[in-house]
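# Summary of structural features
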Amino acid sequence: MIACLEGRLAKKKTDSVVIMIGGVGYLVYVTKRTIEQMPPDGHEVRLDIHTHVREDAIQLFGFLHPREREVFETIIGMSGMGPRAAMSVLSGIDPAEFARAVCSEDIARLCRVPGIGKKKAERMCLELRDKLMLLAQETAPQATTGCEEDLRSALVNLGFKPTQVEQALGSMKKQLSQQSSLETLLPQALKLLRG
């Protein structure tokens, strides 16, 4: 298996690049976002690689950042999602934003990605939420106040799922930024969570 490639960028296409290493050109499929971040032809590049083996082909999929490869591998673990479809998804949304959208069940955001309809977005939230939760939490905007962290902890301790809590806190950004007390915010959060 090829884990990474480092060499001279020989050619950029719309959905792939050719990297020259020791006189051999490797065709690597990449996202549109990756192509936009690549240097001009002739420069050295390094890509993390996912090697996809099929009966009739071996394909290489490249990523500038390990996190992008992790999200890609999570997506292709979903039934009915092949590597080309996963690359299309990651061409339309940043991996960290994708993880946050899935974990907060932001169907509207997911549906803005080309190739994702409402049913697919709902299935992604259902199948990928637990797998992407850590990434979503790591890349979430930092808490603006200590009170927000206390509120988050209190709601989880009351038995609400982390995804529900994050959704409620996202709806309460204005109140959280006003340095309100936990006693003031908790009833508002509970009202949101209980509908």
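This is a predicted model, so every value here is computed, not measured.

### Re the sheet that holds strand E2 (residues 16-21)
Spatially, five strands are ordered E1-E2-E3-E5-E4 in a closed barrel, and the strand pairing comes out mixed. Across the sheet, the mean angle from the axis of one strand to that of its neighbour is 55°, orientation sign disregarded. Note that strand E1 (residues 4-12) and strand E4 (residues 44-53) share five bridges and pair antiparallel. Bridged to Glu 6 within E4 is Arg 46. Packed onto the sheet, helix H2 (residues 66-76) meets E4 and strand E5 (58-63) and runs at close to 15° relative to E4. On top of the sheet, helix H3 (residues 83-92) reaches strand E3 (24-29), E4 and E5; it is set at about 15° to E5, its chief contact.

### Brief notes about unusual backbone geometry
If you check the backbone angles, Glu 105 has positive phi at about 55° while not being a glycine. Take Glu 105: it is sitting in the loop between helix H4 (95-103) and helix H5 (107-111). Glu 105 sits in the partly exposed class, given a relative accessible area of 35%.

### Examining helix H6 (residues 118-139)
Between its first and last C-alpha, H6 extends only 25 Å over 22 residues, short of the 32 Å set by a 1.5 Å rise per residue. Where H6 bends most, at Arg 129, the angle is about 70°. Residues Ala 121, Met 124, Cys 125, Leu 128, Arg 129, Leu 132, Met 133, Leu 135, Ala 136 and Thr 139 constitute the buried set of H6. Tucked inside the fold, the buried residues of H6 contact H2, H3, H4, H5 and helix H8 (162-171).

### Brief notes about the packing of H4 against H6
At a minimum axis separation of 7 Å, H4 and H6 run at an interaxial angle of 125°. In terms of their interaxial angle, H4 and H6 are classed as oblique. Both H4 and H6 take part in a crossing whose hand is left-handed. Counted together, Pro 95, Ala 96, Phe 98, Ala 99, Arg 100, Ala 101, Val 102 and Cys 103 of H4 and Met 124, Cys 125, Leu 128, Arg 129, Leu 132, Met 133, Leu 135, Ala 136 and Thr 139 of H6 form the full contact between these two elements. A breakdown of the residues in the contact of H4 with H6 according to their chemical character gives 14 nonpolar, one polar and two charged.

### Here we look at the nonpolar core
Membership of the largest hydrophobic core comes to 30 residues, with the highest contact counts inside it found for Ile 75, Val 89 and Phe 98. Secondary structure elements with two or more residues in this core: E5, H2, H3, H4 and H6. With eight residues, the single largest contributor to this core is H6. Leaving out residues up to four positions away in the same chain, Val 89 has contacts with Ile 75, Met 81, Phe 98, Val 113, Ile 116 and Met 124. In terms of nonpolar packing, the next biggest core, distinct from the first, is built from 13 residues, Val 165, Ala 168, Met 172 and Leu 193 among them.

### Considerations on the pairing of E1
Where E1 meets E2, four bridges bridge the pair, whose relative direction is antiparallel. What sits directly across from Lys 11, in E2, is Val 18. Here E1 folds back onto E2 in antiparallel fashion, the turn holding three residues.

What counts, and where the lines are drawn
Residues numbered from 1 in each chain as written. Predicted model: local features only at pLDDT ≥ 70, side-chain atom pairs only at ≥ 80, totals over all residues. Heavy atoms only, no water. Pairing = 2+ DSSP bridges. Helix = DSSP H or I, 4+ residues; strand = E, 2+ residues; numbered from the N terminus. Axes fitted to C-alpha atoms, helices over the stretch in contact; angles between N-to-C directions. Contact = heavy atoms within 4.5 Å. Buried < 20%, exposed > 50% of the residue type's maximum accessible area, 1.4 Å probe, protein only. Expected span 1.5 Å × (residues − 1). Bend = angle between axes of the 7 residues up to and from the residue. Parallel < 35°, antiparallel > 145°, perpendicular 65-115°, else oblique. Left-handed = near helix turned anticlockwise from the far one by under 90°. Nonpolar A, V, L, I, M, F, W, Y, C, P; charged D, E, K, R; others polar. Core = buried A, V, L, I, M, F, W, Y, C linked by side-chain atoms within 4.5 Å.

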